[in-house]
Amino acid sequence: MATHIKDTLQRFVAGGVMAGCLAAVTPAEVAAQAGGLSGPSSTAADLEPGDGLTDPQFRSDFPRKLAPGWFAWKDGLAEQGFKFNIDYLSLGQWGNANIGEGDAAGGIARFYGNWQATELGSLTFKIENRHRYGAVAPQFLGLDGGALSITGTAFNGNGTMLTNLFWTQRSENGNWTLQVGQLDVTDFLDLYAAVSPYSGFQNLAFNTNPTINAPNPGLGIAGGLRLSDNFYMVGSVADANADPTKPNFDVFEDGNLFKSLEIGYTSSPDRIYFDNIHLTLWHADAANDGSRPEDWGAAFSAAWFLDNKWLPFFRAGVSQGTAALYEKSVSAGVAYYGRNTDAAGFGLNWAEGASSSEGQITAEAFYRFSISPGLQITPSVQVISNPLLNPGQDTITLFGLRARVVF
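Residues numbered from 1 in each chain as written. Predicted model: local features only at pLDDT ≥ 70, side-chain atom pairs only at ≥ 80, totals over all residues. Heavy atoms only, no water.

### So, the overall build of the protein chain
Assigned secondary structure in the protein chain consists of five helices and 18 strands. In the protein chain, 63% of the contacts between residues at least 6 apart in sequence involve partners at least 24 apart. Total accessible area computed for the protein chain in this model is approximately 15600 Å², and 60% of it derives from carbon and sulfur atoms. (Helix = DSSP H or I, 4+ residues; strand = E, 2+ residues; numbered from the N terminus. Contact = heavy atoms within 4.5 Å. Areas by Shrake-Rupley, 256 points an atom, 1.4 Å probe, with all protein chains shown as cover.)

The following block contains the structure:
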C-alpha cells in the first residue's frame, strides 16, 4: 500500500522499472502508471518495498543480511527491467465458536514478478501455492463456526494456482492502460488502501466488497482510462467460471462472463486508491451447468487520507441474486499508518445474507508490525455478532496472527 509524498521519492530506489532502467517511484506512482489497475494487493504493489507512506526506518534488514549476494543479484536484474520476489505468508486463527474446529492455519507460497519489456509494455506473472496446515483453512473458519463470514481471505488451501500472467500496455501520456491475460480482478476492483488480505484487513467484509460475486483469477481484459486529473474509469470482462488451478483459455467461447465498470474521483492520479470515491457496477452471467445463478449489483466506496496518516473509509454494496456472500453490506472504519511503515486498522460491518432477513455485525482490528522490508507480523482480532449460521451463539471472537517474509 502506498501514497505519494513528494519529498520521499529518492528513498524508493527499488521502485517501478521504466525504459529498462530503475526509476525512483513510489508504489502509488506504479498504480498511476497502471491506470488504476494495480491496487494494494496486486503484484505491482507487492514488488515495492514498504508502503511509501512514512519514512521507512525499519527495525531490521532481515532477511537481506542473511543472503546479501542473492539480493544484490535481484537488484541487478531489476536494473535490467526484471523484478521478482519469492515470499511466504502464514496465518493462524483461533476462535470460541461452540461448533466446528475452533482453529485454523494455512500458508501461501508465491513467486511473482514483472518484466518491463518495452518502455510502455510489461509482462506480469504470479504463481502461488495456497495450503492449509490442519482440518480447516483460515478462509473458512468463520463458516465452520457458524458465521456467514470469510475470516481469512485468500488463505484457502486451493493448491497451486496461476494467478497472474498478463500483458500491460499503456499510452505514452498515461491516459489509458490495457491489461490482457490471466487476471485477478480483485487487484483493481472496488479498491481502497486497506484492501489487501496480505497487508491489511483479513475479513472479506473489509476487502473487495462482499456483495460482489468476484470470480477467481482467470482469462480477462481490463482497461483504465484517465478522464481528467481527478476522474477515472476502469472496466473489465473476465471468466466468471475461472479456476486458476486449471487455467482455461476458451472462456469467450463459453460465454459465462463477469463484467465490471467503475467510475471514480481522486485527488490526483498517483493517489488513485488513497484519496478515492467511486461507484462500481458489475454483472455475472449464470453458469451453464446451473451451479451459479445470474448475479449483479452495485458498490460504493469513499476513503480519504488525512495528513498521510489517517484513512477513514465508508463502503456499501447491494446485489441481486444468491451467488455473492451478502446481498447487503455496509462497512466503515479507519486505518492508521505510522513510522516504520507500521499500519493499523479498525472496521465495523453490517451485512445481510441472501437467505436471511437478519443482520450480522462484524468488527475487526489489526496492527501490522513492519520489522523490515522483508518481514511483517500482524496480530488481529475479529468479533462477529449474531452469526447467521449459528443461532445458538450470540458472539464469536477470533484471534489471528499473520506473518509475511520476502526473499
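### Quick word on the nonpolar core
Ranked by size, the top nonpolar core spans 35 residues in total, and within it Tyr192, Phe201, Phe258, Leu311 and Tyr337 carry the most contacts. The dominant element in this core, judged by the number of residues it contributes, is strand E9 (residues 231–239), at three residues. Counting residues in hydrophobic clusters, the runner-up holds seven residues, among them Ala104, Val136, Ile384 and Leu398. (Core = buried A, V, L, I, M, F, W, Y, C linked by side-chain atoms within 4.5 Å. Buried < 20%, exposed > 50% of the residue type's maximum accessible area, 1.4 Å probe, protein only.)

### Overview of the pattern of salt bridges
Scanning all chains against the criterion turns up ten salt bridges. One salt bridge connects Glu128 with Arg130, and the closest N-O pair in it is separated by 3.0 Å. Among the residues examined, Glu128 registers a relative accessible area of 2% and is labelled buried. Residues Arg271 and Asp275 are paired through a salt bridge, measuring 2.5 Å at the closest nitrogen-oxygen approach. Accessibility assignment for this pair places Arg271 and Asp275 in one class, buried. (Salt bridge = Lys/Arg side-chain N within 4 Å of Asp/Glu carboxyl O.)

### Focus on the side chain of Arg292
Relative to the helices and strands, Arg292 is located in the loop between strand E11 (276–284) and strand E12 (295–303). Comment: no salt bridge for buried Arg292; closest opposite-charge side chain is Asp289, at 6.5 Å. For Arg292, the side chain forms a polar contact with the main-chain oxygen of Asp285, separated by 2.7 Å. Non-local contacts of Arg292, meaning those with residues more than four positions away in its chain, are made with Asn213, Ala240, Asn241, Asn256, Asp285, Ala286, Ala287 and Ala323. (Lys, Arg positive; Asp, Glu negative; His and termini not counted. Polar contact = N/O pair within 3.5 Å; in protein donor to acceptor, adjacent residues only side chain to side chain.)

### Overview of the pairing of strand E4 (residues 103–115)
As paired strands, strand E3 (residues 82–95) and E4 are joined by 13 bridges and run antiparallel to one another. Paired with Lys83 across the strands is Asn114, a residue of E4. Examined bridge by bridge, E4 and strand E5 (residues 121–132) share ten bridges and lie antiparallel to one another. Across the sheet, the residue bridging to Gly107 is His131, located in E5. (Pairing = 2+ DSSP bridges.)

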